[in-house]
Structure formats: structure tokens, C-alpha cells
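Now for the letters of each chain:
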Amino acid sequence: GARAMASRSRLGVVVCDPLVRWGTTGDMGAKELLDAIDHAERASTGKHRALWERLACRAQALLPDLTAPELCRALFGFHRARYRDEGLCA
């Protein structure tokens, strides 16, 4: 499953692939989504459009539950990653 894909053993150390982990957004709440946006932006994943599309879709789904500061944090994370989603901003 996804967990097997997300982790690999390298010299006895389990290494998680952050793109796989952050890409599984279906069960993320607001806090997890915001943390994933922050981590993905810091990891310079801006060129991975599919990841940012999934994060934007999840942000749209959680939009009614996001407070104003949480929404600003999400939008600023997208801005730092140079990802623009017209549907999220509309």
C-alpha cells in the first residue's frame, strides 16, 4: 500500500518519501494540511505540480473549516512555493 511505498530501508534506516506522504491528503485535517504545506514548501517541492494540486484540492475541501489565519497561512505557503490556484482564490 501507500505505507510500503512511503518508506524504504536504507542501511537499516527507514526513509520516508515526503512526496508520497504529503500526497496522501484525503485524511488530512486543517492542522495536518497546513503542516504539509509548510514542510513541502521548505523542501523546495515547487516543481512537483501534482503535489501542490492535491494540497490545493484538500485546502478547497477544508475551506469552510479554516479560520482566517489558517487560510492566510495556506495561501502564503502556496505563494512561497510559487503555486497559484485560481479556484482556491476565487
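What you see is a predicted model, and the numbers here were worked out from it, not measured in a lab.

What counts and what doesn't
- Residues numbered from 1 in each chain as written.
- Predicted model: local features only at pLDDT ≥ 70, side-chain atom pairs only at ≥ 80, totals over all residues.
- Heavy atoms only, no water.
- Helix = DSSP H or I, 4+ residues; strand = E, 2+ residues; numbered from the N terminus.
- Buried < 20%, exposed > 50% of the residue type's maximum accessible area, 1.4 Å probe, protein only.
- Contact = heavy atoms within 4.5 Å.
- Areas by Shrake-Rupley, 256 points an atom, 1.4 Å probe, with all protein chains shown as cover.
- pLDDT = per-residue confidence, 0-100.
- Core = buried A, V, L, I, M, F, W, Y, C linked by side-chain atoms within 4.5 Å.

This next bit is on the overall build of the protein. Each helix and strand counted, the protein has 6 helices and 2 strands in total. In the protein, the succession of α and β elements from N to C terminus is α-β-β-α-α-α-α-α. In the protein, which comprises 90 residues, the proportion classed as buried is 32%. Here the analysis covers contacts within the protein between residues at least 6 apart in sequence; of these, 55% occur between residues at least 24 apart. On the protein, roughly 5900 Å² of surface is accessible, and the fraction owed to carbon and sulfur atoms is 56%.

Caution is warranted with low-pLDDT regions, since their predicted coordinates should not be read in detail. Residues at a pLDDT of 70 or more form 68% of the protein, whose mean pLDDT is 75. Per-element confidence in the protein is highest for helix α5 (residues 68-80), whose mean pLDDT is 91, and lowest for helix α1 (residues 2-6), whose mean pLDDT is 47. Segment residues 1-7 is flagged for pLDDT under 50; beyond a separation of four residues in sequence, or across chains, it makes 10 contacts in the model.

Next up on the list: the nonpolar core. Ranked by size, the top nonpolar core spans 18 residues in total, and within it Leu 33, Ile 37, Trp 52, Leu 55 and Phe 78 carry the most contacts. Among all residues touching Ile 37, those that are not within four sequence positions of it are Trp 52, Leu 55, Ala 74, Gly 77 and Phe 78.

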